[in-house]
Structures are given as structure tokens and as C-alpha cells.
Amino acid sequence: MIKDQAQINALLADIRRFVRERWHPIEDEVERLDQVPEALVLELRRKGYFGWSIPRIYGGLGLTTEELVLCAFELSQASVALRARVGTNTGIGSEALVADGTEEQKQRWLPRMATGELTGCLALTEPQAGSEATNVQTSARTEGDVYVLNGVKRFITNAPLADVFTVLARTEDGTRGSAGLSAFVVERGTPGLRTGEPYRKMGQAGSPVSDVYFEDCRVPRADLIGGREGVGFQTVMKVLNKQRLHLAALCTGPAIRMLDLAIEHTQRRTQFGQAVGNFQLMQAMVADSQTEIFASRCMIVEAARARDRGEDVALSASMCKYFASEMCGRVADRCVQMFGGSGYVADFSPIERYYRDVRLFRLYEGTSQIHQLNIAKQLLRERGQTAP
Ligand SMILES: Cc1cc2nc3c(=O)[nH]c(=O)nc-3n(C[C@H](O)[C@H](O)[C@H](O)COP(=O)(O)OP(=O)(O)OC[C@H]3O[C@@H](n4cnc5c(N)ncnc54)[C@H](O)[C@@H]3O)c2cc1C
């Protein structure tokens, strides 16, 4: 649903300009320094980009799902570090509070997340809870008016710079799976919360990811999200169902950008006396990539509109994330091919960096295999059958 076409058109034009004029020129520098320059973060804050999905009453833009994915298509036509810097606040880092926070929790955190003063993150994954996300071992035992958290979270995007952590922990001893899990909001500086050194990764330089440690970390009862124990996994699933559409859009933008770069290259590069882009085998790769990008966009917009109508999008969000992330991988591979040797050499083209950056899409927020299982399970359930 588009609430205000003129407003969204202006925002999309602003993002497009920002990406091309401010971000593309510094992508190599971001890779080299492995960080987003603070001046640029301030610019993003001033523009209100951190608050896209936070409701207006809490200082955000309150974009609908359709508006959010349209913005994500634009913002992600760039190296991943750009959207990853704002993306936890416009997605997994704020959404648990938006969906299920108490009024007091929303008032306390969301306005400062909307301005980017605070950076949020979602700490769900653990060493023994990856694809099996409900196998959470982090415990939260009650002691008077506080919960005492102990455990390790792994692979947490933006943890090294986050101020606010949404954390899933087990409040009920002896429970397994999604039962007995509760979601908390924990502020940096709380004694017993510590983040590890940023990992050395394959790609996505400038987007720091690390472990998070809870060692007798005392969290006030008031920071139990929604004030209810035992429903944390349901909260996280609400976050992920929306986020999968958002992420699918964020997988589509890089594919658009890579194809643009590859087409430019094949028009410039001559072999056998003509631009290599004239060869029909090259055009086949362009056609396949553009067709898949179009399919991805259509699926995502359709599913986003369904979510805005209040429909259950668990199945379509999973299909969108699965298709868009795999599609982006295929486009990246074709684009390296269209660049020839220059596609493999960082000194000669940015495609090498994009190729590494986008590899992660098929792994996080549910691997492709987990989405395949999820899609089949839901489809079979609709038909009254059960997947093994
Ligand atoms: C850079 C990065 C950033 C991340 N950011 C975050 C974040 O911000 N917050 C957060 O909570 N998590 C984050 N993650 C974690 C991410 O979501 C997990 O890595 C992902 O869910 C996969 O879990 P795993 O790595 O433990 O792989 P595993 O679960 O160990 O999977 C290994 C392989 O087994 C396959 N597999 C597993 N189970 C099955 C099955 N039943 N059937 C078929 N195949 C199966 C998988 O598909 C995969 O190929 C991030 C990860 C990375 C690498």
C-alpha cells in the first residue's frame, strides 16, 4: 500500500541521488577502512533513513511494507555496508519493539532508534542455535526484580556498534524448542553484556558482525519485551516474516546494480573488433538476469501489498527471500562472467567485491535449505498433509 504517492516518489528520488552521488564514489574506501565514515552516518541520520519502518508517533516515517521494499530496492543498489548500517534499525533491530513492545518500551527506545542516535540489533543465533533457531541455550533466570542472563550469541550484525540488543533467552528451565523463550531489550553498558571483536569475513566490509556475551547480565523486569514471558519466539517470527520481505528487496538492489555495471562494461570492452555486448551469448546473460530481477521485484511487491492488507505472508515471505537471494547469487556469477578476467580482479572492477558481498544472502535469516523446507511444510500443511 502506498499512502502518499508524491511523498514516496520524492523519497525514492532522494535515495537514488544519495546512492549515486554520495555512496558509489566511496565504496572502495569503505572496503579499505572496513567502516562507514561517521560523516556519512550523520547524513543518513539527518535524512531520517534510520526511521523508515518506525511508526510516526515514535518519530519514524512509518512506511508501509510496500513503501519500505520500494525504498530498499533503491538503497541496496550499492555495496551492502550502506544499507546494513541503517538496516538493523529499519528491520530486525527495532521490529520486535514495534510489533510487541509495551507502550513504555516503545516510548523509551523507538524515537532514538528512528533518528539513528541508537543502533539496534537482533541477537538470536547461538553456537548451537543456527538453522535450529529454537535451540536457544541463553538463560534468563529471575532474581527478585531482575532477569539474570547467561549465554553466547553468535554472528550478530552491527553488534560491535549497537546500543540496543533484542535478545532471545530461555526463561523457563527444562523447556525445549520455542516454548519457554522470551525476548528482552538490553542496553549496551548493562554490566555483564560484552561484544566480541568484529570477525574477519568473506565480504560486506564496513558492516561489523561479532559475538555477544552475557555473563550474569542483570536486566530489569521492565525490559522483557511486551512484559510477557514465553512468547519470545512468536515475537521473533513476527520480526522475521516482515524482515524476509525487506531482505528480499535488499537482495534485489545489488542484482540491479551489478547488471548495470556489467552492461556498461560489455558496451565499453571490445574484442574481435566490436563491443563484447554485441555478442548474443552475452545478451543471453543480460536477458536472464533482467528477467529474474523483474520476477523478484514482482514477487516482493505482491507479498508486501498482501502484508499491508493484513494477510498472513509467512509462506510468500519465505518464497521471496529464497528466490531473491538465490537470484542475486546467479546474477553475481553471470556479471563476473561478463566482466571476464576483470571481474575476478579487485583492481579492475567492483564486481569482485559485490560477488563476495552477496554470498551471505543465501545464508542468513534462514539458509536456502531452511526456506525450501519451510515453503514445502507450509504448502503441505495447507493441503492437510505433513512434511516429515
Ligand atoms: C555475517 C553474518 C551475519 C549474521 N547476522 C545475524 C544477526 O544479526 N542476528 C542473528 O541472530 N543471526 C545472524 N546471523 C546468523 C545466521 O542467520 C545463521 O548463520 C544462519 O541461520 C545459519 O545458521 P548456521 O550458520 O548455524 O548454519 P547451520 O544451521 O549449521 O547450517 C549448516 C548447513 O546445514 C544446512 N541445514 C541445517 N539444517 C538443515 C535441515 N534441517 N535440512 C537441510 N539442511 C539443513 C544449512 O542450510 C546449511 O547449509 C548472521 C550470520 C552471518 C554469517
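As a reminder, the structure under discussion sits directly above these lines.
This is a predicted model, so every value here is computed, not measured. (Residues numbered from 1 in each chain as written. Predicted model: local features only at pLDDT ≥ 70, side-chain atom pairs only at ≥ 80, totals over all residues. Heavy atoms only, no water.)

S.K.: Got a minute to help me understand the overall build of the protein in this structure?
M.R.: When its secondary structure is counted, the protein shows 12 helices and nine strands. Principal-axis analysis of the C-alpha atoms places the extent of the protein at approximately 80 × 55 × 40 Å. The 388 residues of the protein split such that 55% are buried. In the protein, once contacts between residues fewer than 6 apart in sequence are set aside, the share between residues at least 24 apart is 74%. A total of about 17,400 Å² of accessible surface is found on the protein, and carbon and sulfur atoms cover 50% of it. The average position of the 47 basic charges and that of the 47 acidic charges among the side chains of the protein differ by 2 Å. (Helix = DSSP H or I, 4+ residues; strand = E, 2+ residues; numbered from the N terminus. Buried < 20%, exposed > 50% of the residue type's maximum accessible area, 1.4 Å probe, protein only. Contact = heavy atoms within 4.5 Å. Areas by Shrake-Rupley, 256 points an atom, 1.4 Å probe, with all protein chains shown as cover. Lys, Arg positive; Asp, Glu negative; His and termini not counted. Charge placed at Lys NZ, Arg CZ, Asp CG, Glu CD.)

S.K.: Help me understand the side chain of Asp223, please; the structure alone is not making it clear to me.
M.R.: Relative to the helices and strands, Asp223 is located in the loop between strand 7 (209-220) and helix 8 (232-268). Side chain to side chain, Asp223 and Arg108 meet in a polar contact 3.2 Å long. Excluding anything up to four places from it in sequence, Asp223 contacts Gln105, Arg108, Ala183, Phe184 and Val185. (Polar contact = N/O pair within 3.5 Å; in protein donor to acceptor, adjacent residues only side chain to side chain.)

S.K.: Can you walk me through the site of the ligand in this structure?
M.R.: Among the 18 residues in the neighbourhood of the ligand, the closest are listed as Thr125, Ser131, Phe155, Thr367 and Gln369. Contact distances for the ligand include 3.0 Å between an oxygen atom and a backbone N or O atom of Leu124. Within the side chain of Thr367, an N or O atom sits 2.7 Å from an oxygen atom of the ligand. Those elements giving two or more residues to the shell around the ligand turn out to be strand 3 (146-157) and helix 12 (368-382). Taken together, the residues that form the shell around the ligand break down as 11 nonpolar, six polar and one charged. (Near = heavy atom within 4 Å. Nonpolar A, V, L, I, M, F, W, Y, C, P; charged D, E, K, R; others polar.)

S.K.: Mind showing me how you'd approach the pairing of strand 1 (residues 120-123) here?
M.R.: Remember that side chains alternate between the two faces of the sheet whenever the strand is regular. Alternating residues of strand 1 divide into Gly120 and Leu122 and Cys121 and Ala123, and every residue in both groups is buried. In terms of strand pairing, strand 1 meets strand 4 (residues 164-170) through four bridges, oriented parallel. Across the sheet, residue Ala123 finds its bridge partner in strand 4, namely Val167. (Pairing = 2+ DSSP bridges.)

S.K.: What is the right way to read the packing of aromatic side chains from this model?
M.R.: Within a pair of aromatic rings, the relevant descriptors are the distance that separates the centres and the angle that separates the planes. Under the defined criterion, the tally for this structure stands at six aromatic pairs. When the centroid spacing of 5.9 Å and the interplanar angle of 75 degrees are considered together, the rings of Phe18 and Tyr49 count as edge-to-face. On the criterion of sequence distance, the pair formed by Phe18 in helix 1 (residues 5-23) and Tyr49 in the loop between helix 3 (38-46) and helix 4 (65-75) is long-range, its members being 31 residues apart. For Phe18, a relative accessible area of 3% gives the class buried. When its relative accessible area of 0% is taken as the criterion, Tyr49 is described as buried. Ring geometry for Tyr49 and Trp52: centres 5.1 Å apart, planes at 50 degrees, overall tilted. Of the two residues examined, Tyr49 and Trp52, each falls in the buried class. One aromatic cluster in this structure is built from Phe18, Tyr49 and Trp52. (Phe/Tyr/Trp six-rings, centres within 6.5 Å; stacked < 30°, edge-to-face > 60°.)

S.K.: I tried to follow the pairing of strand 4 on my own but got confused; where do I start?
M.R.: Of all seven residues in strand 4, seven are buried; the element is thus mostly enclosed. In strand 4, alternate side chains face the same way, and those of Val164, Thr166, Leu168 and Arg170 on one face and Phe165, Val167 and Ala169 on the other are all buried. Where strand 4 lies against strand 5 (residues 181-187), seven bridges are found, and the strand directions are antiparallel. The residue bridging Val164 from the neighbouring strand is Glu187, located in strand 5.

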